[in-house]
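Observations on the model geometry
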Amino acid sequence: SLPSPPYPGEFTQCLREKLPSELIYEQSSSSFTDVLASSIKNPRFFTNATTRPLCIVTPTDAQHVQAAVLCGRRHGVRLRVRSGGHDYEGLSYRSPRPNEVFGVLDLANLRSVSVNRSESTAWVESGATLGELYYAIAKNNSELAFPAGECPTVGVGGQFSGGGIGMMMRKYGLSIDNVLDAKMVNANGDLLDRDVMGGDLFWAIRGGGGESFGVVLSWKIQLVQVPPTVTVFSIGKTLDQGAIDILTTWQLVGPSLPDDLAIRVKVQGQEALFLAMYLGTCSSLVATMGRRFPELGMTSADCRSMTWLESAALSFTTLANIGTPEEVLLNRTGGMSFSFKVKSDYVRRPISKAGWNDIFSWFTMNGSASGYIMLEPHGGFMDSVPADATPYPHRNGVLYIIQYLVFWPGDGGTALTAAWLDGFYGFMGQHVSTNPREAYVNFRDLDIGQNVVVDDVSTFDGGVVWGQRYFMGNYRRLATVKAAVDPTDYFRNEQSIPPLL
Ligand code: FDA
């Protein structure tokens, strides 16, 4: 186990001996705050009360990562790993425990993307953003792409570790369904690839959540085909325009449409906004919609045709930003103006029309908070993957995932908005999956449970509730892998996989 108590002075001394000094930012460094803030998205985890790291290490190669892990283990200091910094609970750069002494390994310098055109594969380093990945692929070959999330500043490292849902999952699955190999540093400081790590660990790092098994440095991915032109639309329907009937129908149609069409829905206030991305032309989209989903009344006037990369620059469906240059995908900083809190659910049985009536009434009665829900259809490829093929178990039978989001300005004001979200989430319990009430690990939510640490090791039982909600039957296998590769629980956060010893 780790030396206890931690020896912070010895730890930083060890780092200074093993790493170039310009890669280490201690709290006393004038750049420390800027480096810490560089990829924070949520100001509620960047306040004077936030427990900050002792230091931030910004490695530029694998050996630096290996050295930092060995220093951490020798001197009793844990490392939190940060790729894109988008963790919804900020676990990659802050500790919820006031006295924790920890370092941050920030992978922002490890962000190369190298595309192998003849193989239609690429190696991408964890510190790259999705935007950088999409840009590098499409500039190499505009008919290749990769299925991952909608927001371009999300980091590859965290996103792939937890699954990676997005507008192409109905056709090509999650990001992790397209990972061929990976390089990582384990808790002994060893550098592993797929062959060396073996099947169980390779299974676990593709969806078992970040931080539990080591530091994934890079991923070899299978690129996927996209046509020269894709078509997107955004159609809003208010209650008066039949939002409830159309939404009720969408629940079964959305997951069973041809898999090159994804229609997600943003529900806010009195409106349902249908946002689509289709891997094809406007005329064939209009024909499909007329045949399969005439209730929406979509016509060719709704079509916006563009390249796949241009659609990525619009986060696939934010049509208000049409004309945004593709280079926006290379912008890593997204600002920190709004705090937010997120929760998730999965729906396996369609919500009745009466149920949607109640949901909209709930918005009317409690409408003051700036919250909304986003519904993303599964089905298609997602149905074909067995629940235990990867740690992400929400496959066959899931109609759609719900993401609940609430925003507020600045870093204060949590009470009202959090109460709004809690109330809504509680109300929705009757409509969503049960036993367990499923949740998506990448939409991290500490309200559903946190690790219990006994003798400096997280307990299996302490993680059961949140673990089964994220991973269902895969939680136990994840804990078995953890016991084999990190029995002393070096890589740990509040929702890392506990070792089943
Ligand atoms: P960050 O660096 O904060 O890491 C997240 C977790 O993974 C932490 O526990 C961290 O320690 C660990 N980790 C990071 N890098 C690691 C590495 N290299 N090795 C081991 N562990 C590592 N999701 C989705 O599926 N589809 C979507 O469309 C979106 N959209 C979206 C938009 C916005 C604005 C946000 C804030 C988030 C999303 N997400 C999402 C959720 C996102 O996938 C999730 O937050 C990811 O964990 C973010 O990855 P980062 O690398 O940015 O996070």
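Residues numbered from 1 in each chain as written. Predicted model: local features only at pLDDT ≥ 70, side-chain atom pairs only at ≥ 80, totals over all residues. Heavy atoms only, no water.

**Let's talk about the sheet that holds strand β2 (residues 55–57)**
- Strand order across the open sheet formed by four strands is β1-β2-β4-β3, with mixed pairing between neighbours. Each edge of the sheet is formed by a strand with only one pairing partner; in this case those strands are β1 (24–26) and β3 (78–82). Here the average twist between neighbouring strands, direction ignored, is 25°.
- Two elements, β2 and strand β4 (residues 102–106), share three bridges in a ladder whose sense is parallel. Looking at β4, one finds that Cys-55 is bridged to Gly-103. (Pairing = 2+ DSSP bridges. Helix = DSSP H or I, 4+ residues; strand = E, 2+ residues; numbered from the N terminus. Axes fitted to C-alpha atoms, helices over the stretch in contact; angles between N-to-C directions.)

**Details of the domain arrangement of the protein**
- When cut into domains, the protein gives domain 1 (8–109), domain 2 (113–225) and domain 3 (229–306 + 337–444).
- Taking the mean C-alpha position of each, domain 2 and domain 3 sit 25 Å from one another.
- Residue-level contacts link 23 residues of domain 2 with 33 residues of domain 3.
- Its largest share of buried area at the contact with domain 3, domain 2 owes to Ile-165, Met-167 and Arg-170, together 39% of the area lost on that side.
- A salt bridge links Lys-171 to Asp-259, with the shortest nitrogen-to-oxygen separation between them at 3.8 Å.
- Seen at the junction of domain 2 and domain 3, the total is 15 residue pairs in polar contact (both at pLDDT 80 or more).
- Every element with two or more residues in the side of domain 2 that touches domain 3 is listed here: α5 (156–162), α6 (169–172) and α7 (194–205).
- The dominant element in the side of domain 2 that touches domain 3, judged by the number of residues it contributes, is α6, at four residues. (Domains from an automatic or database assignment. Contact = heavy atoms within 4.5 Å. Buried area = accessible area lost by both parts, 1.4 Å probe. Salt bridge = Lys/Arg side-chain N within 4 Å of Asp/Glu carboxyl O. Polar contact = N/O pair within 3.5 Å; in protein donor to acceptor, adjacent residues only side chain to side chain.)

**Describing the site of the ligand**
- Near the ligand lie 31 residues; those nearest to it are Val-81, Ser-83, Ser-92, Val-216 and Tyr-440.
- Within the side chain of Asn-442, an N or O atom sits 3.4 Å from an oxygen atom of the ligand.
- Relative to its unbound accessible surface of 950 Å², the ligand loses 94% to contact with the protein.
- Sorting the residues of the shell around the ligand by element identifies β3, α5 and β10 (215–222) as the ones contributing at least two each.
- It is α5 that provides the largest number of residues to the shell around the ligand, a total of three residues.
- In the shell around the ligand, the residues fall into ten nonpolar, 16 polar and five charged. (Near = heavy atom within 4 Å. Areas by Shrake-Rupley, 256 points an atom, 1.4 Å probe, with all protein chains shown as cover. Nonpolar A, V, L, I, M, F, W, Y, C, P; charged D, E, K, R; others polar.)

**Considering the pairing of strand β14 (residues 271–278)**
- Counting buried residues in β14 gives six out of eight residues, a clear majority hidden from the surface.
- Direction of pairing for strand β12 (residues 230–238) relative to β14: antiparallel, over a ladder of eight bridges. Looking at β14, one finds that Val-232 is bridged to Met-277.
- In this structure, strand β13 (residues 261–268) lies alongside β14, joined through eight bridges in antiparallel fashion. (Buried < 20%, exposed > 50% of the residue type's maximum accessible area, 1.4 Å probe, protein only.)

**Quick notes on the packing of α7 against helix α14 (residues 474–485)**
- Two elements in contact, α7 and α14, have axes whose closest approach is 10 Å; the angle formed by their N-to-C orientations is 120°. By the angle between their directions, the pair α7 and α14 is classed as oblique. Remark: the crossing between α7 and α14 carries left-handed chirality. In this structure, α7 uses Gly-199, Asp-200, Leu-201, Trp-203 and Ala-204 to contact α14, whose residues at the interface are Asn-474, Arg-477, Leu-478, Val-481 and Val-485.
- Its residues assigned to classes, the contact of α7 with α14 comprises six nonpolar, two polar and two charged. (Parallel < 35°, antiparallel > 145°, perpendicular 65-115°, else oblique. Left-handed = near helix turned anticlockwise from the far one by under 90°.)

**Here we look at the sheet that holds strand β6 (residues 121–125)**
- Strand order across the open sheet formed by five strands is β5-β6-β10-β8-β9, with antiparallel pairing between neighbours. Taken across any chain shown, the strands that pair with only one partner, and hence form the sheet edges, are β5 (113–116) and β9 (191–192).
- Strand direction decides the pairing type here: β5 and β6, joined by four bridges, are antiparallel. Residue pairing for β6: Asn-116 is matched across the bridge by Thr-121.
- Along the sheet, α7 contacts β8 (179–185), β9 and β10; its crossing angle with β8, the most-contacted strand, is approximately 105°.

**Regarding the side chain of Thr-153**
- Examined against the element boundaries, Thr-153 turns out to sit in the loop between β7 (144–145) and α5.
- Setting aside chain neighbours within four positions, we find Thr-153 in contact with Lys-41, Gly-84, His-86, Thr-129, Asn-331 and Arg-332.

**Thoughts on the packing of aromatic side chains**
- By the definition in use, this model includes 28 aromatic pairs.
- Ring geometry for Phe-274 versus Phe-293: centroids 6.3 Å apart, planes at 70°, classification edge-to-face. Taken together, the residues span a long stretch of sequence, with Phe-274 in strand β14 and Phe-293 in the loop between α9 (282–292) and β15 (304–306) at a distance of 19 residues. The same class applies to Phe-274 as to Phe-293, namely buried.
- For the ring pair Trp-362 and Phe-424, a centre distance of 4.7 Å and an interplane angle of 15° mean the geometry is stacked. In this pair, Trp-362 is assigned in helix α11 (residues 353–365) and Phe-424 in helix α12 (residues 414–428), connecting sequence segments 62 residues apart. (Phe/Tyr/Trp six-rings, centres within 6.5 Å; stacked < 30°, edge-to-face > 60°.)

**A few points about the state of the cysteines**
- What the rule picks out here adds up to two disulfides.
- A disulfide bridge connects Cys-14 with Cys-71, and the sulfur atoms are separated by 2.0 Å. Residues Cys-14 and Cys-71 are joined by a disulfide whose S-S torsion is about -80°; by sign, that bridge is left-handed. Here Cys-14, found in helix α1 (residues 8–18), pairs with Cys-71, found in helix α3 (residues 62–75); they are 57 residues apart in sequence, far enough to count as distant. There is no split in this pair, since Cys-14 and Cys-71 are both buried. (Disulfide = S-S within 2.5 Å.)

**Re the pattern of salt bridges**
- Under the criterion given, the structure shown has 30 salt bridges.
- In this structure, Asp-447 engages Lys-343 in a salt bridge whose closest nitrogen and oxygen atoms are separated by 2.6 Å. Of this pair, Asp-447 sits in the loop between α12 and β19 (453–454) while Lys-343 sits in strand β16 (residues 338–347); the two residues are 104 residues apart in sequence, bridging distant segments of the chain.
- For Asp-447, a relative accessible area of 49% gives the class partly exposed.
- By relative accessible area, which is 2% here, Lys-343 ends up buried.

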